[in-house]
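Below, each chain spelled out in residue letters.
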Amino acid sequence: MTNLLPHRAAVAAGAILVAAAEFAILHSAIGIDVAARTSTSTRQITVTAVVVAAAVAALAGWALLAVLERATARARVWWTSIAVAVLLLSLLLGPLSGVGAGAKVSLVLLHLSVGAVLILGLPRRPARRDR
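Described in the following lines is the structure provided in the data block. Sequence positions are assigned chain by chain, starting from 1 and proceeding in written order. pLDDT decides what is reported in this predicted model: residues at 70 or higher carry local features, side-chain atom pairs at 80 or more are listed and counted, and totals for whole chains, interfaces and linings draw on all residues regardless. Excluding hydrogens and water, the side-chain figures rest on all heavy atoms present in the structure.

**Re the packing of helix 3 (residues 75-93) against helix 4 (residues 101-121)**
Okay, step 1: Inter-axis angles, ranging from 0 to 180 degrees, are taken between N-to-C directions of lines fitted to C-alpha atoms, where helices are fitted over the stretch in contact. The helix and strand labels rest on DSSP assignments: H or I over at least four residues marks a helix, E over at least two residues marks a strand, and numbering proceeds from the N terminus. Direction vectors running N to C along helix 3 and helix 4 enclose 175 degrees, while the axes themselves pass 10 Å from each other. In terms of orientation, helix 3 and helix 4 fall into the roughly antiparallel class. Along its contact with helix 3, which presents Trp79, Thr80, Ala83, Val84, Leu87, Ser90 and Leu91, the element helix 4 presents Val108, His111, Leu112, Gly115, Leu118 and Ile119.
Okay, step 2: We call Asp, Glu, Lys and Arg charged. Ala, Val, Leu, Ile, Met, Phe, Trp, Tyr, Cys and Pro are nonpolar, and the rest, Gly among them, are polar. Here the contact of helix 3 with helix 4 is built from residues that sort into nine nonpolar, four polar and no charged. Throughout, the term roughly parallel applies to angles under 35 degrees, roughly antiparallel to angles over 145, roughly perpendicular to angles from 65 to 115, and oblique to all others. Throughout, a residue-residue contact means that at least one pair of heavy atoms, one from each residue, lies within 4.5 Å.

Okay, here's the thing in structure tokens:
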């Protein structure tokens, strides 16, 4: 049996790093001002907010997968279905609050990249090493 902890920790860290790097490229290198509307104001999206959101998504996905693995034999199928549904919902709700086309496109890219890393990486089992 392989130890999933290092693999899943690396996937979670990878999702966070991808989000931070993507935000840095979009914001600093390309110059896109990433801002979102709230009910009463406009809020600048910072790299800290991006990192925290990616970390929350990664840890929530990891926790749900761990619970499903203990509860059902079809955990990967259930988890992938739920994760894709959550990603689609986040795409419908999150980027719509972006201020301007650049912010909306940036938010869509951030959601898709973090979602892709987590959906493709978390349920995958690391290769077994024969000793």
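From this point on, the discussion continues.
**Some words on the nonpolar core**
Okay, step 1: Here the nonpolar core consists of buried residues drawn from Ala, Val, Leu, Ile, Met, Phe, Trp, Tyr and Cys, with membership extended through side-chain atoms lying within 4.5 Å. Accessible area is worked out with a 1.4 Å probe on protein chains only. A residue is then buried under 20% of its type maximum, exposed over 50%, and partly exposed in between. Membership of the largest hydrophobic core comes to 24 residues, with the highest contact counts inside it found for Trp79, Leu118 and Leu122.
Okay, step 2: Elements supplying a minimum of two residues to this core: helix 1 (4-29), helix 2 (47-71), helix 3 and helix 4.
Okay, step 3: Among the elements that line this core, the one with the most residues is helix 2, at six residues.
Okay, step 4: Excluding residues within four positions of it along the chain, Leu118 makes contact with Val11, Ala12, Ala15, Ala57, Ala58, Trp79 and Pro123.

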